[in-house]
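Chain by chain, the residues run as shown.
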Amino acid sequence: TTPGSPKRGAFILLEGVDRCGKTTQVSLLTRHLLNLSLATVAYRFPDRTTQVGGLINGYLQSSAEVGGVDDRAIHLLFSANRWEAAPKLADTLAQGSHIICDRYAYSGVAFTSAKREEDRSSMSGGELTLDWCMCPDIGLPAPDAVIFLDLEQEEAEKRGGYGGERYEKKELQTRVRSRFAELQSLDEKDGRVPWHVVDASKSIEEVHQELVSIVTNTIDRVQTESSPLQRMWA
Ligand code: ADP
Ligand code: 2DT
C-alpha cells in the first residue's frame, strides 16, 4: 500500500458441508460488521447470476442420470465462476471493504474430488485427484482465514431433508467432509491460510459469537500487519 491509501479489507471464507449454517452465519457476520460501520460485502459461490453461473445452476438442478456433462468440464466452470469474480473481489478488498464469502475454491476441490465414486457414468477416465482439482484455482485471491463450520452428517440431516440438487446426497456429503480435512492439512503443512474449525452443532448465537471473535482477530491481523493479499495455493 502507498502512504495514505486505505488499509485493505480482510477476506473471510466460510466453508462446510450443506446445512452447516453458512448462509445463516454469513448474513449475521455481514450485519455485525455493517453495524460497526465497517464496509463489508457478502459473496457466495457458485454465483448463479452470471452466464457461467447459469450453466452451473442448470447442471446442479438436472438429475445425475441425465449425464452428459463431463466432471472435469463442470469443475472448470466452477473455477471460471471464481475467476470472473476475482478482479472485483480484489478491488473490493483494495478499497478497504471486508468480504465474507460463502464457499470458494475449497468447496470446488472437495466436491469434485469426492464425486467420482458416485458418478460412474462419467465418460472421462481416470481419477479426479486433489492435485488436478486444485490446479485451475491456483492464483486466485486467497482468503485471510478459512472458517470451517464442522457438522456431523447426522446433525446436518436433522436440519431438514436434502433438496433435489445433484450433490445433495448423504454418501457424497460424507466424502466431501473428509476432503475438506485433507485440504486443511495441506494448508497447515505448507503454512498457508489459517483454518478455524468451529463446532457448528452449537446454537446459531453461540456459533455467531465464535465467528465474531475469529473475524475481529483476522481483520486486526490483516490491518496491523498490512499483509498483502495472498494467492490460492501459492
Ligand atoms: P448452509 O448455507 O450451510 O446450507 P443454512 O444457513 O442455510 O446452511 O442452514 C441450514 C438450516 O439449518 C436452516 O434451516 C437454518 O435455519 C438451520 N440452522 C443454521 N444454523 C443452525 C444451528 N446452529 N442450529 C440449528 N439449526 C441451524
Ligand atoms: P450452494 O448450495 O452453496 O449454492 O452450492 N460446489 C460449489 C461445487 O461443486 N464446486 C464449487 O466450486 C462450489 C463453489 C457445492 C451448490 C453446490 O455446488 C457445490 C454445493
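Structure: above.
Let me begin by describing the structure that accompanies this report. (Residues numbered from 1 in each chain as written. Chains lettered and ligands numbered in written order. Predicted model: local features only at pLDDT ≥ 70, side-chain atom pairs only at ≥ 80, totals over all residues. Heavy atoms only, no water.)

**Here's the deal with the site of ligand 2**
Applicable threshold: Residues are labelled near a given molecule or strand when at least one of their non-hydrogen atoms is within 4 Å of it. Pairs of N or O atoms within 3.5 Å make up the polar contacts considered here, provided that, within protein, one atom can donate a hydrogen while the other can accept it, and that residues adjacent in sequence are counted only when both atoms are side-chain atoms. In these tables, accessible area is a Shrake-Rupley quantity obtained with a 1.4 Å probe, and a residue counts as shielded only by the protein chains included in the view. In this text, helices come from DSSP runs of H or I with a minimum length of four residues, and strands from runs of E with a minimum of two, each type numbered from the N-terminal end.
Close contacts around ligand 2 come from 13 residues, with Arg48, Arg82, Arg103, Gly108 and Tyr167 the closest. Between arginine 44 and ligand 2, the recorded distance is 3.4 Å, taken from a side-chain N or O atom to an oxygen atom. Bound to the protein, ligand 2 loses 92% of the 470 Å² it would expose on its own. At the level of secondary structure, the elements contributing two or more residues to the shell around ligand 2 comprise helix H3 (71-83) and helix H5 (105-115). Looking at the shell around ligand 2 element by element, the count peaks at three residues for H5.

**Quick look at the environment of aspartate 91**
Selection criterion: Whether a residue is buried, partly exposed or exposed follows from its accessible area with a 1.4 Å probe, protein chains only, as a fraction of its type maximum: under 20%, in between, or over 50%, in that order.
Take aspartate 91: it is sitting in helix H4 (residues 86-94). Under the relative-accessibility criterion, aspartate 91 is labelled partly exposed at 41%. Put simply, aspartate 91 and glycine 9 are 82 residues apart on the chain and 9.8 Å apart in space, counted from C-alpha to C-alpha.

**Some points on the site of ligand 1**
Around ligand 1, the structure places 13 residues, and the nearest of them are Arg19, Lys22, Thr23, Thr24 and Lys202. Within the backbone of cysteine 20, one N or O atom sits 3.3 Å away from an oxygen atom of ligand 1. Take lysine 202: an N or O atom from its main chain is 2.8 Å from a nitrogen atom of ligand 1. In isolation ligand 1 offers 560 Å² of accessible surface; the protein chains occlude 68% of this area. The biggest single contributor to the shell around ligand 1 is helix H1 (residues 22-35), with three residues.

**Some details on the pattern of salt bridges**
Here is the rule: Put simply, a salt bridge is a Lys or Arg side-chain nitrogen that is within 4 Å of an Asp or Glu carboxyl oxygen.
This model, assessed by the stated rule, comprises 16 salt bridges. Of the charged contacts in the structure, one is a salt bridge between aspartate 144 and arginine 8, with a shortest N-O distance of 2.8 Å. Of the two residues, aspartate 144 is situated in the loop between helix H6 (130-134) and strand E4 (145-150) and arginine 8 in the segment before strand E1 (11-15); the sequence distance between them amounts to 136 residues. Relative accessible area serves as the criterion here: at 11%, arginine 8 is assigned to the buried category. Between arginine 48 and glutamate 165 there is a salt bridge whose closest N-O contact spans 2.9 Å. Of this pair, arginine 48 sits in the loop between strand E2 (40-44) and helix H2 (51-61) while glutamate 165 sits in the loop between helix H7 (153-158) and helix H8 (170-189); the two residues are 117 residues apart in sequence, bridging distant segments of the chain. Residue class for arginine 48 comes out partly exposed when judged on its relative accessible area of 35%. One salt-bridge network, held together by shared partners, links Asp187, Lys189, Asp190 and Arg192.

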